[in-house]
Structure formats: structure tokens, C-alpha cells
Amino acid sequence: EAAVTQSPRNKVAVTGGKVTLSCNQTNNHNNMYWYRQDTGHGLRLIHYSYGAGSTEKGDIPDGYKASRPSQENFSLILELATPSQTSVYFCASGGGGAEQYFGPGTRLTVL
Amino acid sequence: QQQVRQSPQSLTVWEGETAILNCSYEDSTFNYFPWYQQFPGEGPALLISISSVSDKKEDGRFTIFFNKREKKLSLHITDSQPGDSATYFCAASIPTGGNNKLTFGQGTVLSVIP
């Protein structure tokens, strides 16, 4: 069954540390997305990718980098984590249509 | 600024009642509107969607009503069940040459009381 998985599911990091969130999809979708979810804001797009080797800035990219080394994998990188980046992060994949399929999320706490 | 707005923020209905969740948008180029359902601890899951060429989409107990002129849509959940208790997100898409980025509203938390 096609799926989007994320790791880790929970992460506690220290301010100034580097954090990498990973996402893997078996949908064979070209497009992948990283969102963060905060109360009162819904889901906000951080970075997205059209395919292996490509990354594009979303609506709130500051403080984040992304990497798409393969069709299946898409990572979100926080080089210098800050408490304001405490949130729940979701990865999604999408094919040629408009539907997106989400992973279970990663809860990140930056102390 | 918020391009997609949802109301109310939270809604409580009795089992068997119809829940009505509202959504409005600003950008008239949006042409696809999915609704996602999210249970605690899980990712959002696509529930039902509508394109701007239709004014109604029905799937079982879930119906979207779309008013293009007023840039509003609503999700009606008839015969609400306790299992429908979840957060519902309205989203909108602008065609961008194959990468259909979604803009989400802030969500409505629905509680269905048995």
C-alpha cells in the first residue's frame, strides 16, 4: 500500500542545534511537500519539490532548508534550531493531480 | 495575510444533526478545493474535493456547496456521528504548471456529542 512515512515521530532539540526531519514515500509521486502545523494557522508550506534534485521555497522558508536526493526521500533541515520552530511537521506527496497524501507528522520541540 | 478562512473555529453538534463548516477565499484564481479530515496524532487525510466548475459535490454524508461569485464554500456533514469528531481543513489550489500547491485554512474543530 502506498504510504508516506516520517522519522523521527518525536524530536527534542536544543537551541542552536541542527535538526533533520526525514520523509519517505512509496507513492512514486513527483511532488513532495513540507508543512508545519500550529494552532490557529492551519498548515503552512515550508518547502516543496518537483522531483529528485529540486527544491523550491514555500510560503515560510526562512530558517529551513530542504533536500530531495531521490524520488522517494525528502528531508527538512533546521541548521540552527530556535524555539519558534517548535511545531508539528508534516510531509506530503502528490502526483499530477491536486491531491496530496500526508505522513503521520513529526512533533519537534526546541528547548 | 490569510487567503483561506474558515469558520467557526470550533463547532459542537449532537449525534444525528447536520454540521455546517464554512470556508471563504480571496484569490479568484483558486480552482480546486479539497477538504481534509484530521484526527489527533495523525496527518490530514483527503475527505472530499470540488473544482470551481461545479457548485455541489456529494459523497455519502459529506456535501460541499460552492459559490464562485461570493468565493465561499461550505461542508455539510449530515447525520453526524461521534466518529466524525475531528479537525477539518479547507484548502485551495492555484494551478502552477503541475505542482499544485495547497493553501490551507486554519481549521474547524468538530465535536459530535452522542
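Predicted model only: the values in this text are computed from it and were never measured. (Residues numbered from 1 in each chain as written. Chains lettered and ligands numbered in written order. Predicted model: local features only at pLDDT ≥ 70, side-chain atom pairs only at ≥ 80, totals over all residues. Heavy atoms only, no water.)

A.B. asks: Describe the nonpolar core, with residues and values.
C.D. replies: Note that soluble globular proteins tend to have their nonpolar side chains buried in a common cluster. One finds Trp35, Leu73, Leu75 and Tyr88 of chain B to be the most contacted residues of the largest nonpolar core, which totals 25 residues. Residue assignment for this core shows that the elements contributing at least two residues are β2 (10–14), β3 (19–25), β4 (32–38), β5 (45–51), β7 (62–67), β8 (72–77), β9 (86–93) and β11 (108–113) of chain B. Grouped together as the second largest cluster of nonpolar side chains are 18 residues, Val19, Trp34, Leu78 and Val110 of chain A included. (Core = buried A, V, L, I, M, F, W, Y, C linked by side-chain atoms within 4.5 Å. Buried < 20%, exposed > 50% of the residue type's maximum accessible area, 1.4 Å probe, protein only. Helix = DSSP H or I, 4+ residues; strand = E, 2+ residues; numbered from the N terminus.)

A.B. asks: Report on the layout of surface pockets, specifying residues and quantitative values.
C.D. replies: Put simply, the second largest pocket is a space of about 280 Å³. Lining the second largest pocket are 15 residues; nearest its centre among them are Gln37 and Thr39 of chain A together with Thr87, Gln106 and Val109 of chain B. Elements with a minimum of two residues in the lining of the second largest pocket: β4 (31–38) of chain A together with β9 and β11 of chain B. (1 Å grid on protein atoms, 1.4 Å probe; cavity = no way out; pocket = protein on both sides within 12 Å on 5 of 7 lines; lining within 4 Å. Points joined across faces, edges and corners; volume = space filled by probe spheres on them.)

A.B. asks: How would you explain the state of the cysteines if you had to name every residue and give the values?
C.D. replies: Under the criterion given, the structure shown has 2 disulfides over all chains. Covalent S-S linkage joins Cys23 of chain A and Cys91 of chain A, the inter-sulfur distance amounting to 1.9 Å. As the torsion about the S-S bond is roughly -80 degrees, the Cys23 of chain A-Cys91 of chain A disulfide counts as left-handed. Linking Cys23 of chain A in strand β3 (residues 19–25) with Cys91 of chain A in strand β9 (residues 87–94), this pair joins segments that are 68 residues apart in sequence. Judged by its relative accessible area of 2%, Cys23 of chain A is buried. The buried category is assigned to Cys91 of chain A, whose relative accessible area is 0%. Bridging Cys23 of chain B to Cys90 of chain B, the disulfide has an S-S length of 2.0 Å. Between Cys23 of chain B and Cys90 of chain B the sulfur-sulfur dihedral comes to about -70 degrees; the bridge is accordingly left-handed. Taken as a pair, Cys23 of chain B in strand β3 and Cys90 of chain B in strand β9 lie far apart in primary sequence, 67 residues in all. The pair Cys23 of chain B / Cys90 of chain B is uniform in exposure class, with both members buried. (Disulfide = S-S within 2.5 Å.)

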